[in-house]
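Breakdown of the fold
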Amino acid sequence: MVLSGIVRCLLMQAGICALVFQAQAQDRKEVYRLLQSDSLTEVNRMLDRLKEDTAPLANAFRGTLMMRKAHLLKIPGQKLNVFKNGARLLEKEIKDNPEQAEFRFLRLIIQENAPKILNYDEKKAEDREVILRAFGKLDQELKTEIRNYARKSKVLNAAELN
């Protein structure tokens, strides 16, 4: 009787884990889509959706989307403030998880696309190396995102991705 209760509890936890994983997978697809979008409304909607989630991946997504949002804003001071806040959030997650390839990939995307005046492009080679080292161990969905991005990247070469 006690054993079946424990098993049921573990199965429930596994179901919760599966739901969390599914939500993260949906968030990932949406985040990468929004990084190519020019819709401030959609970026804000996703930021609102992520604001309650304090997991490292959600923080990295939020920081990256804030930097994308800065590009879409009109007021220069506001653009800079939002970009810096997003950068702080993403940089904290990278500092706490230095070998997390997805965080490095998110930063690489921003570094390659941020205006030069922001001086947010100094760690491209470092991020590239972490991504290449980890690539074989990443899930298929993230590999696909990286391969797609590598086609237009000046830092990542699609031929190097195995």
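See the structure shown above.
The notes below deal with the structure included here. Just so it is clear, the model here is predicted, and its values are computed rather than measured. (Residues numbered from 1 in each chain as written. Predicted model: local features only at pLDDT ≥ 70, side-chain atom pairs only at ≥ 80, totals over all residues. Heavy atoms only, no water.)

**A closer look at the environment of Leu89**
Considering the arrangement of structural elements, one finds Leu89 in helix 4 (residues 76-96). Taking the C-alpha atoms as reference, Leu89 lies 9.6 Å from Pro56; in sequence the two are 33 residues apart. The contacts of Leu89, once residues within four sequence positions are left out, are Asn59, Arg62, Gly63 and Met66. (Helix = DSSP H or I, 4+ residues; strand = E, 2+ residues; numbered from the N terminus. Contact = heavy atoms within 4.5 Å.)

**A word on the side chain of Arg62**
Summarising the element assignment, Arg62 is placed in helix 3 (residues 56-72). For Arg62, the side chain forms a polar contact with the main-chain oxygen of Leu50, separated by 2.6 Å. Among all residues touching Arg62, those that are not within four sequence positions of it are Leu47, Leu50, Lys51, Asp53 and Leu89. (Polar contact = N/O pair within 3.5 Å; in protein donor to acceptor, adjacent residues only side chain to side chain.)

**Structural notes on the packing of helix 3 against helix 4**
Packing of helix 3 against helix 4 brings their axes to within 7 Å, and their N-to-C directions diverge by 155°. The angle between the axes of helix 3 and helix 4 places the two elements in the roughly antiparallel class. Considering only the axes of helix 3 and helix 4, their crossing is left-handed. The residues of helix 4 that touch helix 3, namely those facing Pro56, Asn59, Ala60, Arg62, Gly63, Thr64, Met66, Met67, Lys69, Ala70 and His71, are Lys79, Val82, Phe83, Asn85, Gly86, Ala87, Leu89, Leu90 and Glu93. In the contact of helix 3 with helix 4, the residues fall into ten nonpolar, six polar and four charged. (Axes fitted to C-alpha atoms, helices over the stretch in contact; angles between N-to-C directions. Parallel < 35°, antiparallel > 145°, perpendicular 65-115°, else oblique. Left-handed = near helix turned anticlockwise from the far one by under 90°. Nonpolar A, V, L, I, M, F, W, Y, C, P; charged D, E, K, R; others polar.)

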